[in-house]
Amino acid sequence: MDALKSIVFGFIAGVIAALTIQEAISWLFVHYWNGWDAMPWSTAPTPSLLLPTLELPWIAGTAITGGLWGALFGLILGWKPEGMLTIRGAILGLFGPGLISAFIAMPYLAHRQSPLLEGNVSEIVPILCISAGFGAVAAWLYGLFSWGRLP
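Residues numbered from 1 in each chain as written. Predicted model: local features only at pLDDT ≥ 70, side-chain atom pairs only at ≥ 80, totals over all residues. Heavy atoms only, no water.

**So, the overall build of the chain**
- A tally of regular secondary structure across the chain gives five helices and two strands.
- Taken from N to C terminus, the helices and strands of the chain fall in the order α-β-β-α-α-α-α.
- Taking 151 residues into account, the globule formula puts the C-alpha radius of gyration at 15 Å, and the chain, at 15 Å, falls close to it.
- Each principal axis of the C-alpha distribution contributes one length, and for the chain these read about 40 × 35 × 25 Å.
- Out of the 151 residues belonging to the chain, those deemed buried represent 38%.
- Put simply, the chain shows about 8500 Å² of open surface, and 73% of that area lies on carbon and sulfur atoms.
- Distance between charge centres in the chain, computed from 5 positive and 7 negative side chains, equals 19 Å. (Helix = DSSP H or I, 4+ residues; strand = E, 2+ residues; numbered from the N terminus. Rg over C-alpha atoms; globule rule 2.2 N^0.38 Å. Buried < 20%, exposed > 50% of the residue type's maximum accessible area, 1.4 Å probe, protein only. Areas by Shrake-Rupley, 256 points an atom, 1.4 Å probe, with all protein chains shown as cover. Lys, Arg positive; Asp, Glu negative; His and termini not counted. Charge placed at Lys NZ, Arg CZ, Asp CG, Glu CD.)

Shown next as structure tokens:
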């Protein structure tokens with residue numbers, strides 16, 4: 001039962017973090033950084049990389065992906081998280097959604113070059129900041145939801 005609770009609270013924390021801080025950081029980069037053009041809170045239909053016939057609004061895909069990463073964070077952080085959850089979450093965000101997803105899995109599925117291999121700093125910096133911010137807020141919210149108080 002504790003694993004299910006971790007998955008559910010993690011999913012909810014991930015969805016909230018994706019819809020708030022992840023999109024807010026993206027908004028900052030759209031307006032104050034050259035080379036970042038991912039419009040935040042966009043409702044434009046985007047085809048799925050796994051199922052190309054399935055098109056979801058960008059924000060719905062972001063919420064689902066954030067929830068899945070949050071559920072995984074919930075399992076990693078445990079049912080009774082303690083300690084520096086914000087820092088642990090930022091590290092998880094850098095390695096999970098940042099390194100594994102944005103720099104390895106997504107370019108492979110989309111059949112394009114990774115921004116890391118291209119050395120494209122205008123994409124690398126926003127991806128790392130967004131991933132760290134998402135991880136920090138998702139872990140903080142997970143601690144709040146599962147422990148009932150601020151971690």
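**Let's talk about the environment of Trp-33**
- With respect to the helices and strands, the residue Trp-33 is situated in the loop between α1 (2–32) and β1 (45–47).
- Residue Trp-33 is classed as partly exposed on the basis of its relative accessible area of 30%.
- The spacing of Trp-33 and Val-125 is 92 residues in sequence and 9.8 Å in space, taken between C-alpha atoms.
- Separated by 3.2 Å, the side chain of Trp-33 and the backbone oxygen of Ser-122 make a polar contact. (Polar contact = N/O pair within 3.5 Å; in protein donor to acceptor, adjacent residues only side chain to side chain.)

**Structural notes on unusual backbone geometry**
- Positive phi values are uncommon outside glycine, yet Trp-41 reaches one of about 55 degrees.
- Residue position: Trp-41 is located in the loop between α1 and β1.
- Judged by its relative accessible area of 42%, Trp-41 is partly exposed.
- Unusually for a residue other than glycine, His-111 sits at a positive phi of about 55 degrees.
- For His-111, a relative accessible area of 75% gives the class exposed.

**Quick notes on the packing of helix α2 (residues 58–77) against helix α3 (residues 85–110)**
- Two numbers describe how α2 lies on α3: the axes approach to 11 Å, and their chain directions differ by 130 degrees. The angle between α2 and α3 places the two elements in the oblique class. Considering only the axes of α2 and α3, their crossing is right-handed. Note on element contacts: α3 touches α2 through Leu-85, Arg-88, Gly-89, Leu-92, Gly-93, Gly-96, Pro-97 and Ser-101, opposite Trp-69, Phe-73, Ile-76 and Leu-77.
- Of the residues belonging to the contact of α2 with α3, the class tally is seven nonpolar, four polar and one charged. (Axes fitted to C-alpha atoms, helices over the stretch in contact; angles between N-to-C directions. Parallel < 35°, antiparallel > 145°, perpendicular 65-115°, else oblique. Left-handed = near helix turned anticlockwise from the far one by under 90°. Contact = heavy atoms within 4.5 Å. Nonpolar A, V, L, I, M, F, W, Y, C, P; charged D, E, K, R; others polar.)

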